[in-house]
Amino acid sequence: MPPIFDTAKDTTLVTYYQMPMQHRLAENATRIKGKPYAEFFRTDMYAPLGILEAQKKGLTPSEKLYRPTVADINRMLTQDNPPAAFFGVIDDEDGILSATWSHHFFPKVTSEMMKWWFVWHQVETERYSLWFPHAHVSNRVEHPERLQDPSLGYEEKIYGNPNYIKEYVGETLLDVIIHFAPPESLGVSAETMQKMNFTFSASGWSAMADNPDVPSALMIHLGRDVEGASSYSLPT
């Protein structure tokens, strides 16, 4: 059974944010006032210790990284005892790319809750700011009416409904379009989905807003229910 996080023991409080993120927090705190969910706007952010320990080790050697191929994607997702995280850069004849992996446990969270969140937060920017108050700037989708249509299922609401986001990564403002898609269309096999009991996906690909026709990232975000929590893997 995977461990259940004890916040005081398994995570640490983030105590520094770059100046643009500090300004963003203040702006989001003002903007969310009066919203019925404003009480959930929290300024304390905690980072899992396992991911911080992985960062201390530096970049993972490129020969140990997984490539964005069908074979490697499925091998990565079905590995035994996956690490909390790894980070690295691949530089070969196909070009240069960065590869990251992180594995999280969300106590008392289910796959259905994750699906609810990924639809609910896209409705308006203030909801998006709850996710990361210091970083998230704006959020909209191409077909907002689909998000609140009770006759549509989760996949029908987000697939084929581009998500336009702006957020800070440190001091850099990222302006991105995310295209959520079925994980099978991105290389995850049906056998892997069944074997690993993945019941949630927010997978897709993204492009920079100023170059929307050129994919810049492949995101395989998958989750499954485990005892007492939801397990969420985010290879990118």
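The structure presented is a predicted model; accordingly, all values stated were derived computationally and were not measured.

Asks: I would appreciate a short explanation of helix 4 (residues 70–77) in the present structure.
Replies: Since one α-helical turn is 3.6 residues long, residues separated by three or four positions face the same way. For helix 4, every residue scored as buried is listed here: D72, I73, N74, M76 and L77. Buried positions along helix 4 lie against strand 3 (85–92), strand 4 (95–107), helix 9 (190–195), strand 10 (215–219) and strand 11 (222–226).

Asks: How do you make sense of the pairing of strand 7 (residues 172–180) when you look at a structure like this?
Replies: Put simply, side chains in a regular strand alternate between the two faces of the sheet. In the sheet, strand 6 (residues 163–169) pairs with strand 7 via seven bridges, with the strands oriented antiparallel. Paired with I165 across the strands is V176, a residue of strand 7. As consecutive antiparallel partners, strand 6 and strand 7 are separated by two residues, and within that stretch G170 has a phi angle of approximately 65 degrees, a positive value. Looking at chain direction, strand 7 and strand 9 (residues 204–208) are connected through five bridges and run antiparallel. Across the sheet, H179 pairs through a bridge with W205, a residue of strand 9.

Asks: Could you clarify how one ought to interpret the pairing of strand 6 in this entry?
Replies: Bridge count for strand 5 (residues 136–141) against strand 6 is five bridges, and the pairing is antiparallel. Residue pairing across strands places N139 opposite I165, the latter belonging to strand 6.

Asks: Teacher, can you tell me more about the pattern of salt bridges here?
Replies: Between side chains of opposite charge, a pair can form as their charged atoms come close. Scanning the entire structure with this criterion turns up seven salt bridges. Measuring nitrogen to oxygen at the nearest pair gives 2.8 Å for the salt bridge that ties R31 to E126. In this pair, R31 is assigned in helix 2 (residues 19–31) and E126 in helix 6 (residues 125–131), connecting sequence segments 95 residues apart. The class of R31 is partly exposed, set by a relative accessible area of 42%. Between R75 and D72 there is a salt bridge whose closest N-O contact spans 3.0 Å. With R75 and D72 both in helix 4, this residue pair falls three residues apart, about one helical turn. Of the residues examined, R75 reaches a relative accessible area of 44% and is grouped as partly exposed. Of the residues examined, D72 reaches a relative accessible area of 13% and is grouped as buried. One network of salt bridges, with partners in common, ties together K35, E124 and R127.

Reading the values: the criteria
Residues numbered from 1 in each chain as written. Predicted model: local features only at pLDDT ≥ 70, side-chain atom pairs only at ≥ 80, totals over all residues. Heavy atoms only, no water. Buried < 20%, exposed > 50% of the residue type's maximum accessible area, 1.4 Å probe, protein only. Helix = DSSP H or I, 4+ residues; strand = E, 2+ residues; numbered from the N terminus. Contact = heavy atoms within 4.5 Å. Pairing = 2+ DSSP bridges. Salt bridge = Lys/Arg side-chain N within 4 Å of Asp/Glu carboxyl O.

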